[in-house]
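# Fold and contact review
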Amino acid sequence: MVRKGLLVLVMAALVTGGTFAVDMSAGLGGSFSATFDSFDDDDGKMQARLIGGSIFAMFDATFVEASIGMMFGGEKWRFDGEWDDDPTNLTYLTIGLLGKYPIDIGSFTLFPMLGIRYDLGLSAKYDGEDLDFGETSKADSMNRFWIKLGAGADFPITDQIFIRPSFLYGINFGTKDIRDWKSDDSRLSTFHHGLDIRVAVGFRF
């Protein structure tokens, strides 16, 4: 699924790049991120939320933005209306690819965005100790594949330097452990979504 999505966006970039002039740029940025998971079956409801932030590098070719970064956050669970007192501290490597269509407004450029992101779990710690995943693995418990959509804008500072704020909303398909859990329990329904508020500084080549 990840490979097919990447291939589609890369092919779209090649087609549009062959039709229109392509501007190349790169930059560094940071983001605020929030992820929400809900679980509902006959026994009740559970919720999880991951609040954190990230640092990332971006590479832009007019109609495509690729990014790689590190995300850090604290995850809490709620059972029977009570949130955990202490969060589980999670670290991810994030790899994203977004298609975008720039619209020249005059003093700045606005663009809708649609693409994918893969979150690769690197570590999970609770109360300072590595989390024990039991019979499963770190990858099966943490890795997620996202579909993201939103909008961004480029505000020029000089002819080469610009600031890029962007807002993305996404849904993901849950971790492999969650998908296996749903396969084993037909009564279970889940929903996984989140948002990113990002700001980056870019440099045009």
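Being a predicted model, the structure only gives us computed values, none of them experimental.

## Considering the overall build of the protein chain
Tallying secondary structure elements over the protein chain gives three helices and eleven strands in all. Reading the helices (α) and strands (β) of the protein chain from amino to carboxyl end gives α-β-β-β-β-β-β-β-β-α-β-β-α-β. Going through the 205 residues of the protein chain one by one, you find that 38% of them count as buried. Total accessible area on the protein chain is roughly 11,500 Å²; 62% of this is exposed by carbon and sulfur atoms.

## Quick word on the pattern of salt bridges
Taken as a whole and judged by the stated rule, the model has 13 salt bridges. A salt bridge links Asp196 to Lys148; the nearest nitrogen and oxygen atoms lie 2.5 Å apart. Taken together, the residues Asp196 in strand 11 (residues 189–204) and Lys148 in strand 9 (residues 144–156) connect sequence positions 48 residues apart. Like Lys148, Asp196 is buried. Here Asp180 ties to Lys176 by a salt bridge, and the two come within 2.9 Å at their closest N and O atoms. In this pair, Asp180 and Lys176 both sit in helix 3 (residues 176–184), four residues apart, roughly one turn of the helix. Classification of Lys176 by relative accessible area gives partly exposed; the value is 36%. Linked by salt bridges that have partners in common, Asp60, Glu65, Lys100, Asp154, Arg164, Arg198 and Arg204 make up one network.

## A short note on the confidence of the model for the protein chain
Per-residue pLDDT for the protein chain has a mean of 89; in total, 90% of the residues score no lower than 70. When mean pLDDT is taken per element in the protein chain, strand 10 (residues 161–172) scores highest with 98 and helix 1 (residues 2–19) scores lowest with 51.

## Some points on the nonpolar core
The tendency in soluble globular proteins is for nonpolar side chains to be buried as a group. In terms of nonpolar packing, the biggest core is built from seven residues, these being Leu50, Met71, Leu90, Tyr92, Ala124, Phe133 and Met142. With residues up to four places along the chain from it excluded, the contact list for Tyr92 reads Leu50, Gly69, Met70, Met71, Asp119, Leu120, Gly121, Leu122, Met142 and Arg144.

## Concerning the side chain of Asp119
Along the polypeptide, Asp119 turns up in strand 7 (residues 109–126). The exposure class assigned to Asp119 is buried, which follows from its relative accessible area of 2%. At a separation of 2.8 Å, a polar atom in the side chain of Asp119 contacts the side chain of Trp146. Setting aside residues up to four positions removed in sequence, Asp119 forms contacts with Met71, Tyr92, Leu93, Thr94, Met142, Asn143, Arg144 and Trp146.

## Looking at the side chain of Asn143
If you trace the backbone, Asn143 turns up in the loop between helix 2 (138–142) and strand 9. Side chain to side chain, Asn143 and Tyr118 meet in a polar contact 3.2 Å long. At 2.8 Å, the side chain of Asn143 and the backbone nitrogen of Gly121 are in polar contact. When neighbours within four sequence positions are excluded, Asn143 is seen to be in contact with Tyr118, Asp119, Leu120, Gly121, Lys138, Gly174 and Thr175.

## Overview of the packing of aromatic side chains
In this structure the tally under the stated criterion is seven aromatic pairs. Seen from their ring centres, Phe63 and Tyr101 are 6.1 Å apart, and the 40 degrees between their planes marks the pair as tilted. Placement of the pair is Phe63 in the loop between strand 2 (44–61) and strand 3 (64–79) and Tyr101 in the loop between strand 5 (88–100) and strand 6 (103–104), with a sequence separation of 38 residues. Residue classification places Phe63 among the buried residues on the basis of a relative accessible area of 11%. For Tyr101, a relative accessible area of 49% gives the class partly exposed. Taking the centre distance of 6.2 Å and the plane angle of 10 degrees together, the rings of Phe145 and Phe173 count as stacked. Taken together, the positions of Phe145 in strand 9 and Phe173 in the loop between strand 10 and helix 3 put the pair 28 residues apart, joining distant regions of the chain.

## Brief notes about the pairing of strand 2
Bridge analysis of strand 1 (residues 24–41) against strand 2 gives 18 bridges, and the strand direction is antiparallel. By the bridge assignment for strand 2, Thr35 is matched with Leu50. Linking two consecutive strands that pair antiparallel, namely strand 1 and strand 2, is a turn of two residues. With 15 bridges connecting them, strand 2 and strand 3 associate as antiparallel partners. Looking at the pairing, Met58 lines up with Ser67 of strand 3.

Here is what the cut-offs are and how they apply
- Residues numbered from 1 in each chain as written.
- Predicted model: local features only at pLDDT ≥ 70, side-chain atom pairs only at ≥ 80, totals over all residues.
- Heavy atoms only, no water.
- Helix = DSSP H or I, 4+ residues; strand = E, 2+ residues; numbered from the N terminus.
- Buried < 20%, exposed > 50% of the residue type's maximum accessible area, 1.4 Å probe, protein only.
- Areas by Shrake-Rupley, 256 points an atom, 1.4 Å probe, with all protein chains shown as cover.
- Salt bridge = Lys/Arg side-chain N within 4 Å of Asp/Glu carboxyl O.
- pLDDT = per-residue confidence, 0-100.
- Core = buried A, V, L, I, M, F, W, Y, C linked by side-chain atoms within 4.5 Å.
- Contact = heavy atoms within 4.5 Å.
- Polar contact = N/O pair within 3.5 Å; in protein donor to acceptor, adjacent residues only side chain to side chain.
- Phe/Tyr/Trp six-rings, centres within 6.5 Å; stacked < 30°, edge-to-face > 60°.
- Pairing = 2+ DSSP bridges.

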